[in-house]
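Single-letter residue listing:
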Amino acid sequence: MTEWQKRLTLLAMCIAQGMILLDVTIVNVALPSIQRELHESSGDLEWVISAYALSLAALIPLSGSLGDRFGRKRFFAMGMVVFTLGTVTCALSTSALELIGARAFQGVGGAVMSALALSILSETYSGKARAGAIGIWATVAGLGFGLGPVVGGLLLGVFGWSSIFWVNVPFAVIGIALTITVVPESRNPGSRPLDVPGILMSAAGLLALTFGLVESTSSSWASTPVWPSLAASVVLLASFVVWERRAPFPMIPSEVVTLRRFTTSCSVYLVSYAALTTVYFYLTLLYQDVDGWSALRTGLSWLFMNVPFLVIAQFAGRLSRRVSARAIAAGGCLVTAAGIFTFSTLRISSPFVIAATGYVLFGAGTGMWIPGVANVAMRDVPPGLFGTASGLFNASRQIGTSVGLAVLGAIGAAAATSAWRSRVSHLPDPAQQAAIEQVRNVAGARIGLVTRALGAGQRAAAEQAFTHGFEVAIRIAGLYLVVAALVAVFGLGDDHRREPGTAAVKPVSGTAPSPRSVRVARGVAGRAISFDEAMAAIADSISAKRLGRPEEFGAACPFLCSAQAGYISGQNLKLDGGTYEGVS
C-alpha cells in the first residue's frame, strides 16, 4: 500500500467511528425535543439511547468474527450501508416505537463498522505507525462522543430533531466511497468457527438485563416486567459463562482472555463509558427540562469540555512514549472523576463557573485515557485475532453505554422517587395521591407537566426531588471512574516503550546472561536499559514466524546500535552462550 492509501484508509475508519460515537451522544441534547414531539416517557428516552448501544454491544463480537472469516473490507462496507439506511429511518420516524426500532437497526450497521475498524487499522499499519494510527482513530472516536451535544445543539437551534440524524448522511457517503476504493481487503483464513450459542446467550442476556433495569424506572422491582427480565438475564449470562468455558470454539477465545492488558483495557472502557453516558444524559435533562436552557445553549456549553479534550488528545501519542500506559489511564480516569464530582454539586441556582470547571476537568481527563487505553489494548493481540479482539474491545464500550445508563438511570430514578414521596407526604390524601401519580414525570425531569398538573406551588419540590436523583446518579458515576483508575493501576504494565505486538522472550538453552546496561538511542530518550529489556524489543522484530512482517526489524529496534549481540539468525538470538527465542 502507498502512504496515501494508508492515510485514506485511516480517514475512512475515523469517519465511521466518529459517526458511531457521535450518534451515541448527539441524541442526548435532542431528548427534550423528541420527548415533546413523540410523547415519550422517561423509559422511552432511555431506550432511544440503549437500543442503539445494545445492538452494538450484542453484535460487535459476531461482526468481528464474520469479518475475520469472510473479509473485513466487505463486511465493513456492508455495515456502513446498513448504518446509513438506519440513520435515514431514524430521521423519518413519527412515533417513539419507530424511532427505537430504527435506532436498533442503525446499531446493527454500527456494530459491523465498530468491530472491524480497529482490526483493519492493525492490518494496514505496523510498528510505531500502528500506534500513531490507533491513537488518531481513538481520538476521533472520543471527539465524536464529545462533539455530539455541541453539534446537536447547533442543529436544533435552526432545524427540528430529525436533523441530528440527517447530518450523518454526507459523511456516510464519503466513508462508503473511501471504503470501496482504497481500503485493502484482509481476512484470517484460519479463523475459528462461529460460536452461535454464545452469541445468542450473551445478546439475549444483555437485552433482558437492560430491559429490566429500564423498566424499573417506571415500575416497582417486584412488578411483572422487571423481575422476570432480571431473573432471565442472570440465567442467560450465567449460562453464557459456563458455555464459554466448555465450548470448542468460544466467542471469547482463551488466547485473548489471558492477555492481561487487553482484558484490563476492556474493563476500563466498560466502566468509564457507563459513567460518561450517564453524565451526558442527566446533564441534558438538568439544563433543558429543569433549568430551561435551549438546545443551542446546552450544546455550546459542551465546548468547555471539547476544547481541553482536543488539546490533551493531541499530545496523547507523545505522552505515551514518556509515561506508562498505567499512569496515563489511571491519571486520566481520576481527572475525569474530579470533573464528574464537580457536576454532582450543580443546582438550579449554581453559577456556570462550576459547570465550566467540571467540563474542563472532564474533557482533559477523557483526552488522556480514551486514546491511551485504545493504544495499549491491542498491543499483545496476535494478528490472527485482530478482528475478534477489536470487536470485544468495542463491545465493552457499548455494554458500558447501554447497561451502565440503565443501572444508573434506575438508581437515579429511585432516588428521585423516594425524595418526591417524602416531600409530598405531608399533603392531604387526595392531593398526595395526585402528587404520587406524577412521580414518573418527576424522575424523568418533566417538571413542566408536574407544574401543570399540581400547580406552581409544587415546582420547587419537583425540582429538588429530581436534583436529588441527579446528584446520586452523578456521584456514583464519579465512583465508577475511580474504580476504572484502580483497575488500570493493577492491570496495565509499565512497559510503554515496547511497540505493539511485542513478544516476550524465554531461554531455550544455556544460561540467561546477567543483566547489563546498554545505552539506548535518542528515540528512547537516552535511557539506560538492561540487556534483558533490549532483548525483549529485539525479539519482536525477529519474530517473523509470529508477525509475518520481518520488515519491522529496523522500526522496532532502535537499541541495536550498542547492544552487544553475537549474531542474529532466523528467529533465534544467541548471546554469551544463551539462546533466546521470540515466542507468542
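This is a predicted model, so every value here is computed, not measured.

Describing the overall build of the protein
Then, number 1: Within the protein, the regular secondary structure consists of 24 helices and six strands.
Then, number 2: In the protein, which comprises 584 residues, the share counted as buried stands at 57%.
Then, number 3: Sequence separation of at least 24 residues holds for 80% of the intrachain contacts in the protein that already meet a minimum separation of 6.
Then, number 4: Accessible area for the protein stands at about 22,200 Å²; split by element, carbon and sulfur atoms hold 65% of it.

What about helix α13 (residues 303–314)?
Then, number 1: If you check α13, its first and last C-alpha atoms are 16 Å apart, about what twelve residues at 1.5 Å a residue would give, namely 16 Å.
Then, number 2: Of all the positions in α13, only Met305, Asn306, Pro308, Phe309 and Ala313 are classed as buried.

What about unusual backbone geometry?
Then, number 1: The residue Ala445 is not glycine, and still its phi comes out positive at about 65°.
Then, number 2: Tracing the sequence through the fold places Ala445 in the loop between α19 (439–443) and α20 (447–454).
Then, number 3: When its relative accessible area of 0% is taken as the criterion, Ala445 is described as buried.

Digging into the pattern of salt bridges
Then, number 1: Within the structure shown, the criterion is met by four salt bridges.
Then, number 2: With its nearest N and O atoms 3.8 Å apart, the salt bridge here joins Asp23 to Arg103. Highlighted residues: Asp23 in helix α1 (residues 3–38) and Arg103 in helix α4 (residues 96–124), separated in sequence by 80 residues. No difference in accessibility class separates Asp23 from Arg103, as the two residues are buried.
Then, number 3: Between Arg475 and Glu471 there is a salt bridge, and its shortest N-O distance comes to 2.8 Å.

Re the side chain of Thr264
Then, number 1: Mapped onto the elements, Thr264 comes out in helix α11 (residues 260–290).
Then, number 2: Not counting residues up to four positions away in its chain, the partners in contact with Thr264 are Val487, Ala488, Gly491 and Leu492.

Examining a nonpolar patch on the surface
Then, number 1: A surface patch of nonpolar side chains, about 570 Å² in accessible area, is lined by Leu154, Leu296, Leu300, Leu303, Val307, Val311 and Phe315.
Then, number 2: If you list the elements that add at least two residues to the nonpolar patch, you get α12 (295–301) and α13.
Then, number 3: A per-element tally of the nonpolar patch places α13 first, with three residues.
Then, number 4: Among the secondary structure elements, Leu303 is positioned in helix α13.
Then, number 5: Under the relative-accessibility criterion, Leu303 is labelled partly exposed at 37%.

Considering the packing of α20 against helix α21 (residues 459–491)
Geometry of a packed helix pair, given as the angle between the helix axes and the separation of the axes.
Then, number 1: Viewed as axis vectors pointing N to C, α20 and α21 meet at an angle of 145°, and their least axial separation amounts to 9 Å. Handedness of the α20/α21 crossing: right-handed. In contact with Ile447, Gly448, Val450 and Thr451 of α20, α21 contributes Arg459, Ala462 and Glu463.
Then, number 2: Each residue belonging to the contact of α20 with α21 can be placed in one class, and the counts come to three nonpolar, two polar and two charged.

Structural notes on the environment of Phe76
Then, number 1: Relative to the helices and strands, Phe76 resides in helix α3 (residues 72–91).
Then, number 2: Contacts of Phe76, omitting those with residues within four sequence positions, involve Ala12, Met13, Ala16, Val112, Met113, Leu116, Ala117, Ile120 and Thr179.

Here's the deal with the confidence of the model for the protein
Then, number 1: When the pLDDT values of the protein are averaged, the result is 77; 81% of them are 70 or greater.
Then, number 2: Within the model, the stretch residues 495–584 combines pLDDT values under 50 with 164 contacts to residues more than four positions away or in other chains.

What counts, and at which threshold
- Residues numbered from 1 in each chain as written.
- Predicted model: local features only at pLDDT ≥ 70, side-chain atom pairs only at ≥ 80, totals over all residues.
- Heavy atoms only, no water.
- Helix = DSSP H or I, 4+ residues; strand = E, 2+ residues; numbered from the N terminus.
- Buried < 20%, exposed > 50% of the residue type's maximum accessible area, 1.4 Å probe, protein only.
- Contact = heavy atoms within 4.5 Å.
- Areas by Shrake-Rupley, 256 points an atom, 1.4 Å probe, with all protein chains shown as cover.
- Expected span 1.5 Å × (residues − 1).
- Salt bridge = Lys/Arg side-chain N within 4 Å of Asp/Glu carboxyl O.
- Patch = residues over 30% accessible without salt bridge, like charges linked within 9 Å, V, L, I, M, F, W, Y side chains within 5 Å.
- Axes fitted to C-alpha atoms, helices over the stretch in contact; angles between N-to-C directions.
- Left-handed = near helix turned anticlockwise from the far one by under 90°.
- Nonpolar A, V, L, I, M, F, W, Y, C, P; charged D, E, K, R; others polar.
- pLDDT = per-residue confidence, 0-100.

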